[in-house]
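Geometric and topological summary
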Amino acid sequence: MSQPPLSPLDRPNSYIGRALPRPNLARLLQGRGQYVSDISLPRMVHVAYLRSPYAHARIVSIDAAAARAQPGVVAVVTGAELAKVCTPWVGVLSHMKSLKSAPQHAVAVERACWVGEAVAAVVAASRAEAEDAAALVDVTYEELFVVADMQAALAPGAPAIHPELGDNLAFERRIEAGEVDAAFASADAVAETEFVFGRHTGVTLEARSIVADWNAGEARLTVYQGTQAPHMMQNLIAKHLGLAEAQVRIVCKDVGGSFGVKVHVYADDMATAALAKMLRRPVKYIADRVESFLTDIHARDHRCKGRVAVAKDGSILAFEIDDVTSVGPYSVYPRTSAIEANQVIGLIGGPYATPNYRGRTRVAFTNRNVMSQYRGVGHPIACSITEGLVDLAARKIGMDPIEIRRRNLIADDAYPTQSATGMKFEALSHHAAHDKLLSMLDYPALRAEQARLRAVGVYRGIGFASFIEVTNPSAAFYGVGGARISSQDGAAVRLDAAGGLVCQTSVTEQGQGTEAMVAQIVASAVGAPLDKVRIVLGDTDNTPYGGGTWASRATGIGGEAAWRAGVALRENILKVAGIILQADPATLDIADGAVIDAGKRPRVGLDEIARIVYFRPDTLPADLQPELIATRHYAPKAYPFAFTNGVQASWLEVDARTGFIKLLDHWVVEDCGTIINSQLVDEQIRGGVAQGLGAALLEKCLYDERAQMLNANMADYLVPMAGDIPDIHVGHVVTPTAESNLGAKGAGEAGAAGAAASVANAVNDALSPFGVTISEIPLTPEIVLRALGVV
Amino acid sequence: MKAAAFDYVRAESLAETLRILAERGEGARLIAGGQSLAPALNLRLAAPDLLVDIGALTQLRYIEPAGEALRIGALTRHVDIARSEWIARHCPLLTRAIAEVAHPAIRNRGTLGGSLAQADPAAELPACMMALDAVIVATGAGGERRIAAWDFFLGVYETALRADEVLTAVEIDGLDAERAYGFAELSRRRGDFAIVGLALAARRRAGGLAEMRLVYFGVSDRPTAAPGAAAALARRDIEAARAALAAELDPFADAQASSAMRLHLAGVLLERAFAQALEAAT
Amino acid sequence: MRVRMIVNGEPVTAEAAPRQHLADFLRETLGLTGTHIGCEHGVCGACCVRLDGAVVRGCLTYAVQADGARVETIEGISDSGEIADLQAAFTERNALQCGYCTPGMLLSAQELLSEIAAPDRETIRNHLSGNYCRCTGYHAIIDAVEATARARAEAKR
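The rules behind the values
- Residues numbered from 1 in each chain as written.
- Chains lettered and ligands numbered in written order.
- Predicted model: local features only at pLDDT ≥ 70, side-chain atom pairs only at ≥ 80, totals over all residues.
- Heavy atoms only, no water.
- Helix = DSSP H or I, 4+ residues; strand = E, 2+ residues; numbered from the N terminus.
- Rg over C-alpha atoms; globule rule 2.2 N^0.38 Å.
- Contact = heavy atoms within 4.5 Å.
- Areas by Shrake-Rupley, 256 points an atom, 1.4 Å probe, with all protein chains shown as cover.
- Lys, Arg positive; Asp, Glu negative; His and termini not counted.
- Charge placed at Lys NZ, Arg CZ, Asp CG, Glu CD.
- Core = buried A, V, L, I, M, F, W, Y, C linked by side-chain atoms within 4.5 Å.
- Buried < 20%, exposed > 50% of the residue type's maximum accessible area, 1.4 Å probe, protein only.
- Pairing = 2+ DSSP bridges.
- Axes fitted to C-alpha atoms, helices over the stretch in contact; angles between N-to-C directions.
- Buried area = accessible area lost by both parts, 1.4 Å probe.
- Salt bridge = Lys/Arg side-chain N within 4 Å of Asp/Glu carboxyl O.
- Polar contact = N/O pair within 3.5 Å; in protein donor to acceptor, adjacent residues only side chain to side chain.
- Nonpolar A, V, L, I, M, F, W, Y, C, P; charged D, E, K, R; others polar.
- Phe/Tyr/Trp six-rings, centres within 6.5 Å; stacked < 30°, edge-to-face > 60°.
- Lys NZ or Arg CZ within 6 Å of the ring centre and 35° of its normal.

Right, let's get into the overall build of chain A. Helix and strand content of chain A: 20 helices and 31 strands. Against the compact-globule benchmark of 28 Å for 791 residues, chain A has a radius of gyration of 28 Å, which places it among compact chains. Expressed as lengths along the three principal axes of its C-alpha atoms, the size of chain A is roughly 85 × 80 × 45 Å. By sequence separation, contacts in chain A at least 24 residues apart represent 80% of the contacts at least 6 residues apart. Here chain A has roughly 25300 Å² of accessible surface; of this, 51% comes from carbon and sulfur atoms. Averaging the coordinates of the 72 positive side-chain charges in chain A and doing the same for the 85 negative ones gives two points 2 Å apart.

Our next topic: the nonpolar core. In terms of nonpolar packing, the biggest core is built from 209 residues, with L221, I237 and I385 of chain A together with F90 of chain C touching the most fellow members. When near neighbours in sequence (up to four residues on either side) are disregarded, I237 of chain A contacts L221, V223, V248, I250, M270 and A273 of chain A. Formed by 56 residues, the second largest nonpolar core is a distinct cluster that contains A523, L569, I609 and L680 of chain A.

What follows is about the sheet that holds strand β25 (residues 594-596) of chain A. Residue and element names in this part refer to chain A. Strand order across the open sheet formed by three strands is β24-β25-β26, with antiparallel pairing between neighbours. What marks the edges here is a single partner per strand, and that holds for β24 (589-591) and β26 (602-605). Within this sheet the neighbouring strands show an average axis-to-axis angle of 40°, counted without direction. Docked against the sheet, helix α16 (residues 554-581) engages β24, β25 and β26, running at close to 105° with respect to β24.

Next up on the list: the interface of chain C and chain A. Taken together, the contacts link 46 residues of chain C with 51 residues of chain A. Three residues stand out in chain C for area buried against chain A, namely Q97, Y132 and R134 of chain C, and they jointly supply 20% of the buried area on that side. Run the count over chain C and chain A and you get seven salt bridges. Across the pair D79 of chain C and R32 of chain A runs a salt bridge, and its minimum N-O distance is 2.8 Å. Across the chain C-chain A interface, the total number found is 33 residue pairs in polar contact (both at pLDDT 80 or more). With five residues, the top contributor of residues to the side of chain C that touches chain A is helix α3 (residues 84-93) of chain C. Of the residues assigned to the side of chain C that touches chain A, the class counts are 18 nonpolar, 18 polar and ten charged.

Turning our attention to the side chain of S552 of chain A. Residues and elements named next belong to chain A. Along the chain, S552 turns up in the loop between β23 (533-536) and α16. Within the structure, the side chain of S552 is placed 3.4 Å from the backbone nitrogen of G748, a separation counted as a polar contact. In this structure the side chain of S552 is engaged in a polar contact, spanning 2.8 Å, whose partner is the side chain of E749. Sequence-distant contacts of S552, defined by excluding residues within four places in its chain, comprise V470, T471, N472, G746, A747, G748 and E749.

Glancing now at the interface of chain B and chain A. Facing 24 residues of chain B, the contacting portion of chain A comprises 26 residues. Both faces considered, chain B and chain A share a buried interface measuring about 2100 Å² in area, 57% of it formed by carbon and sulfur atoms. On the chain B side of the interface with chain A, the three residues burying the most area are R188, R189 and M261 of chain B, jointly 35% of the side's total. At the surface where chain B touches chain A, the tally comes to four salt bridges.

Residue and element names in this part refer to chain A. An order of β20-β28-β29-β30 is seen for the four strands of this open sheet, with the pairing classed as mixed. Where the open sheet ends on each side, the last strands, each with one partner, are β20 (459-471) and β30 (728-732). Each strand axis lies, on average, 15° off the axis of its neighbour in the sheet, ignoring direction. Pairing of β20 with strand β28 (residues 642-654) involves 13 bridges; the strand directions are antiparallel. Following the sheet pairing, I468 is matched in β28 by N645. Set on the sheet, helix α18 (residues 678-697) makes contact with β28, β29 (661-671) and β30; between it and β30 the angle comes to about 130°.

Residues and elements named next belong to chain A. Looking along the chain, the bond that leaves Y333 and enters P334 is cis, with omega of -10°. For P334, the position within the fold is in the loop between β16 (316-327) and α10 (339-347). Backbone torsion omega between I777 and P778 reads 0°, so that peptide bond is classified as cis. Take P778: it is sitting in the loop between β31 (776-777) and α20 (781-787). Positive phi, normally seen in glycine, also occurs at A219, with a value near 50°. The topology assignment puts A219 in the loop between β10 (209-215) and β11 (220-225).

Before going further, it helps to examine the packing of aromatic side chains. Remark: the centre distance and the inter-plane angle together describe each pair of aromatic rings, the angle taken between the planes. Residue and element names in this part refer to chain A. According to the stated counting rule, one finds 17 aromatic pairs over all chains in the structure shown. Considering the side-chain rings of W89 and Y333, the 5.7 Å spacing of their centres and the 15° angle between planes classify their relative orientation as stacked. Linking W89 in the loop between α3 (79-82) and β4 (111-112) with Y333 in the loop between β16 and α10, this pair joins segments that are 244 residues apart in sequence. As far as the burial class goes, W89 and Y333 line up, both buried. Both rings, one in F425 and one in F643, keep their centres 5.0 Å apart while their planes meet at 85°; by these two values the pair is edge-to-face. In this pair, F425 is assigned in strand β19 (residues 424-425) and F643 in strand β28, connecting sequence segments 218 residues apart. Residues F425 and F643 agree in their burial class; the two are buried. Here the aromatic residues F425, F477, Y478, W550, F641 and F643 are joined through ring pairs into a cluster of three or more. Looking at R335, its charged tip hangs above the ring of Y478, at a distance of 4.9 Å from the centre.

Below, the structure is given as structure tokens:
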């Protein structure tokens, strides 16, 4: 019997699937990376923003005379002055029908709408001097009414932050599927609760940083920024500063964490770019930690009523939710502040075959900080609600949580299909993921231990969360709404004169391993050794046009483009090799940096091919013009998103006397299709899980009734540290997508999607002897003790 | 955030330090380890005119046992206390408490004198000093003044130290083999300030514990003793001890815990610290 | 004010305003940008450096306080080879993603391994609890430190 032909991925010395160390780590380990804050340019000055201490106030006057006279001060610029250089923006997308928002300026003009909104820019020779001068800027405010939270925002008669918009309802959407009322009426049991989620924020260790350099001689602005989407920033900075895109270059070198925080447009960043143009010199802005808490996008501030209808055989008949979320006074630009809510309403019940669903979501403007996409976006909320309701249903009918999931998860052979909310699934593996999970943890043993310890007053619990996760989004996400956010990416791969490969890619790196992933793909596609591959990214002048890294798309889209480009380059190389070797290119291949013949013998090295093509074209046929460079782009087309799926489990102990929770163990099974490098994937999952664990137990932006953030510092906003997190076990199921050659889906957000849900379910499982269910996170000790009636 | 500008002088002697404090008054702040002052400076919550650095006064960095007594110089770093074998054997309450103070990098630099002078209500060491009946030595132009730890901590960041004095040493006595200790603290994450903490010191007597000191931290504006609860514990009456706490503690409320929660946790810590002390005693 | 210190083995003389903390002095005056700034409240650990042999927060020490001291940064302890095995373990295990916490994490880990030869995972987690990482979820870091400890113990035998 003949051997099946090698699939495109089973190539000689393929690096696909190999957990190799990343090639670019030495400089980071030596402290020789280059983050934006490390950059120093000639004549560079620093900006500090004077920020409103009030959540809502009219700016009556700004007297900067004393500030301007301070040593080292170059300029003090008000919002009105900056508005002549930078136009305002509105964060709406046309495909989100009810979404409305008001124009936002780079620095507030006339009115400040949240604590921390910049009201003046102070530019000086050093940041310290800028802060000294900022303290002397005399601003007179007239305090206005404060819309402190979502309830206040939507209360009848509530004053509208933007009167021209009519009210504070930024966005509303309803979905109705199947026969919801009939399902509830016929159910054997109905359970309901209100889910409350703590607003939280990304806390990238490197704060937002930007150096904007306007070269008046070239009439060109170079912006060094840790952005995830450089081409988007190029477009928007050009647009709002009245420049042509070609006049703007975005350069991203090392970035100290992003998680979605750095994919948005921030007023401060636009202001800094505008100041550079105004002052005709480089301007540096590094947010300090307090500013980061006050102005980095917040996320996940939801209150959601949820109901579930279940039959006694465990069939979940219907889900119903009514969700409200608070955003800031402006919808963030350009990706809006409504995507999270829009996802929540669309993802409820996603893993399950339940056809009946009713959902409503409302997004409310408040005078809190602005809000937008943060790792996982709506998935963590939707998963917590769904999985919380599934467990509630299980408890109502006395069914084991694994069993109720088995009865309701979409069957692995049911694909392609779609959710009740219309989400299209190509091929998921919920049951295989559960099988894998149960092979990783000893469920009966954990239950036995739980029972044994309960008898002596020690309360351990295990909780599960099945989840789906959007990856590789098509233009359905943003493009259709009019945003110039690219849903495709490109890679240009060339053979250089010494026989090495250089790949320029439009996806970007913030630590997830993009460089390594692209290098492994290119090396495999061409047949070159990995150490001969160099990646160029994060520079709009030197990469193909593309979307960047966000929404778990870099591998599935950027990687696919790199694969196709590598394959195309290999063909071009083999065409030349065929001539040189007098052989049919179809009988040749490339392995280990050399062209090999049908007998797998190395015949000519890539360095030799390069030498001949670049330096001795006279030795090649007259009609042959070799192209040792190939560029390919890729956009997903068949599905709006490449959904992935997985399941998480949390094992923990609740101290019923103190309310403190100790996380003992955590498991994730993830199906992200073809895995390029499992170590990169697993570590992304672990990082995402940690953020979800932080959400479950620790993280919350605390606000008072005047919309003042009370814990805007690193000591009072609690992020998980090494002692707070257990080991995280990761396993995989592999269901490639048929849409691309690589079959890779995305993996960056999966960890964040289900971690909090599994912890909440575990806590309720631990406390089930007490008959309490808690549906609020973060699960602080006080919340636990109150639920137990101890306090 | 960058600190507001200040002048700086590195004192070469205690006498010089006292002279500068007398001259510059309110506008001068002492800095030793700086682990409490520097964050305040960086956040512009404090803006002194002059920082007087006493870090070079190495003569104030010592751990001197003498029989059953211990004298610790104010510039002794937390890490020095953590590493002291003598303290681990003869005054393990301190060893135990120091392990909870922030993180290694802070402990490498923070000083005992600095922690006591800072008087953060949620800090471990002030409560330990009270539980140990320690005496705090303050040096001024007129010489040394000895202040009982029980009289030293007056409020949030407020101590009995005068503006022209430097805290130079701490003296602890009675560190004999009959001592038994307990220590318990609850914080959201390792190294965070305590939501509630308890330092317990006692003496073994006739199969039980006597001369019990219970000092809570994190419940009020200063470390707070619970003598009624202590007396009940000495009688092994845990219920009475918990009841006494309700009368003796009036815990404040903040984002971390309500007053009722703090009181409840204080009771739980009481049991846990007591159990430790009993175990140490047997 | 003029300050003199030995930085990574090299004598340095420079001007420092009293309010300039050591991390900013190293980064901006000396161009040693491997020491990172994450909060300036002394909480996140990104700014850790070695001062007279002990790991401290660079943001909580003013440069003038380090006059006459010996300072070692990530660049120095990298170039000396002191942590080559730890760095190799981090690479092998992908114990860093964005790299921003890494210098501080390496300094703290090295100090732990100098004090305790065979720390268990809980001890490692406790010791590193003053170094915030948002990317890794810590598991890989603990693995890398544990592996290095084991390898060093093996080498001693």
